[in-house]
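The residues making up each chain are set out below.
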Amino acid sequence: QSALTQPPSASGSPGQSVTISCTGTSSDVGNYKYVSWYQQHPGKAPKLIIYAVSERPSGVPDRFSGSKSGNTASLTVSGLQTEDEADYYCSSYVGGYNYVFGTGTKVTVL
Amino acid sequence: QLQLQESGPGLVKPSETLSLTCTVSGGSISSSDYYWAWIRQPPGKGLELIGNIYFTGSTYYKPSLKSRVTISVDTSKNQFSLKVNSVTAADTAVYYCARLQQVTQGCFDSWGQGTPVTVSS
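Below is a short write-up of the structure. A quick note: this is a predicted structure, and the numbers were derived from the prediction, not measured.

**Remarks on the overall build of chain A**
Here is step 1 of the chain: Counting its secondary structure elements, chain A contains zero helices and nine strands.
Here is step 2 of the chain: Expected size for 110 residues packed as a compact globule is a radius of gyration near 13 Å; at 13 Å, chain A falls within 12% of this value.
Here is step 3 of the chain: Judged by the C-alpha coordinates and their principal axes, chain A covers about 40 × 25 × 25 Å.
Here is step 4 of the chain: Burial analysis of chain A (110 residues in total) assigns 48% to the buried set.
Here is step 5 of the chain: Carbon and sulfur atoms provide 45% of the accessible area of chain A, an area that totals close to 4800 Å².
Here is step 6 of the chain: Side-chain charges of chain A comprise 7 positive and 7 negative groups, with the mean position of each set lying 4 Å from the other.

Have a look at this one:
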């Protein structure tokens, strides 16, 4: 099972929006609603920010939103803030209790 | 509030066995709602699911690691463990334990802080 494809980097100025793509196949992203997104600050553990494509856990700002079309999922961060500068990883269920992660995207707030 | 804490040696010699334990507090590892996972992240690289376990002992292992990995659970101690045999430098990584919400959400909703493991003589 190959890693999901994400752009290596994305950037935006404070207050702007940035969208990160996560491309898989019809065997993972395209076949399941279990797509999630994680935010990871340097030296820290990943933190769940989106699950089931577009659901936000309690406490996650509504600036974070998720969507999916076909084999590609997307994470949008609206109203960028300096604390949003981090690495972001997508993940998809692939069946049989197996999950695959994305290659990761480094978001820079200019 | 649920907390997960990894523990184990930070340095392992090549060809030996890496052993880590994850202690769960603030919740029961025997909950029917969750699975428990080990995930690793090599330096400067992305995340990789190693495998997961249910409180009954049912396991899933990533196929490429299956021959070297064992995950076990001790419900009396609210802990689950990871063993990786015959380690090489490629097993050097930060190892995370996490709770897997498999049934309704399909996500890793709580993570330990991670423990770095270096394979070196």
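**Looking at the sheet that holds strand 5 (residues 64–69) of chain A**
Hydrogen bonding along the main chain pairs the strands of a sheet, whether they run parallel or antiparallel.
All names here are of chain A.
Here is step 1 of the chain: In space, the three strands of this open sheet follow the order 2-6-5, with antiparallel pairing throughout. What marks the edges here is a single partner per strand, and that holds for strand 2 (18–23) and strand 5. For this sheet, the mean angle separating the axes of adjacent strands, direction not counted, is 20 degrees.
Here is step 2 of the chain: Sheet topology note: the strand 5/strand 6 (residues 72–77) ladder contains six bridges and is antiparallel.

**Quick notes on the interface of chain B and chain A**
Here is step 1 of the chain: Contacts between the two partners involve 23 residues from chain B and, on the opposite side, 18 residues from chain A.
Here is step 2 of the chain: For the pair chain B and chain A, the summed buried surface comes to about 1800 Å²; carbon and sulfur atoms form 58% of the total.
Here is step 3 of the chain: For the pair chain B and chain A, the interface holds zero salt bridges.
Here is step 4 of the chain: Contributions of two or more residues to the side of chain B that touches chain A are made by strand 4 (35–41), strand 5 (48–53), strand 9 (93–101) and strand 10 (107–111) of chain B.

**Some words on the sheet that holds strand 8 (residues 79–84) of chain B**
Residue and element names in this part refer to chain B.
Here is step 1 of the chain: In spatial order, the strands read 1-3-8-7; together these four strands make up an open sheet with antiparallel pairing. Looking along the sheet, the strands with just one partner apiece sit at the ends: strand 1 (3–7) and strand 7 (69–74). Adjacent strand axes in the sheet meet at a mean angle of 20 degrees, parallel and antiparallel pairs treated alike.
Here is step 2 of the chain: In the sheet, strand 3 (residues 18–25) pairs with strand 8 via six bridges, with the strands oriented antiparallel.

**Side note on the state of the cysteines**
Here is step 1 of the chain: Applying the stated criterion across every chain, the model contains two disulfides over all chains.
Here is step 2 of the chain: Each sulfur in the disulfide pair Cys22 of chain A and Cys90 of chain A lies 2.0 Å from the other. Judged by the torsion about the S-S bond (80 degrees), the Cys22 of chain A/Cys90 of chain A disulfide is right-handed. A residue pair is termed long-range when its members are at least 10 positions apart, and Cys22 of chain A in strand 2 and Cys90 of chain A in strand 7 (residues 86–95) qualify at 68 residues. Comparing Cys22 of chain A with Cys90 of chain A shows no difference in burial state: the two are buried.
Here is step 3 of the chain: Across the disulfide from Cys22 of chain B sits Cys97 of chain B; the S-S distance is 2.1 Å. Measuring the twist about the S-S bond at about 65 degrees, one finds the Cys22 of chain B-Cys97 of chain B disulfide to be right-handed. Note that Cys22 of chain B is positioned in strand 3 and Cys97 of chain B in strand 9, a separation of 75 residues in sequence. The residues Cys22 of chain B and Cys97 of chain B share a single accessibility class, namely buried.
Here is step 4 of the chain: Not engaged in a disulfide, the cysteine Cys107 of chain B finds its nearest cysteine sulfur in Cys90 of chain A; these two sulfurs lie 14 Å apart.

Here is what the cut-offs are and how they apply
Residues numbered from 1 in each chain as written. Chains lettered and ligands numbered in written order. Predicted model: local features only at pLDDT ≥ 70, side-chain atom pairs only at ≥ 80, totals over all residues. Heavy atoms only, no water. Helix = DSSP H or I, 4+ residues; strand = E, 2+ residues; numbered from the N terminus. Rg over C-alpha atoms; globule rule 2.2 N^0.38 Å. Buried < 20%, exposed > 50% of the residue type's maximum accessible area, 1.4 Å probe, protein only. Areas by Shrake-Rupley, 256 points an atom, 1.4 Å probe, with all protein chains shown as cover. Lys, Arg positive; Asp, Glu negative; His and termini not counted. Charge placed at Lys NZ, Arg CZ, Asp CG, Glu CD. Pairing = 2+ DSSP bridges. Axes fitted to C-alpha atoms, helices over the stretch in contact; angles between N-to-C directions. Contact = heavy atoms within 4.5 Å. Buried area = accessible area lost by both parts, 1.4 Å probe. Salt bridge = Lys/Arg side-chain N within 4 Å of Asp/Glu carboxyl O. Disulfide = S-S within 2.5 Å.

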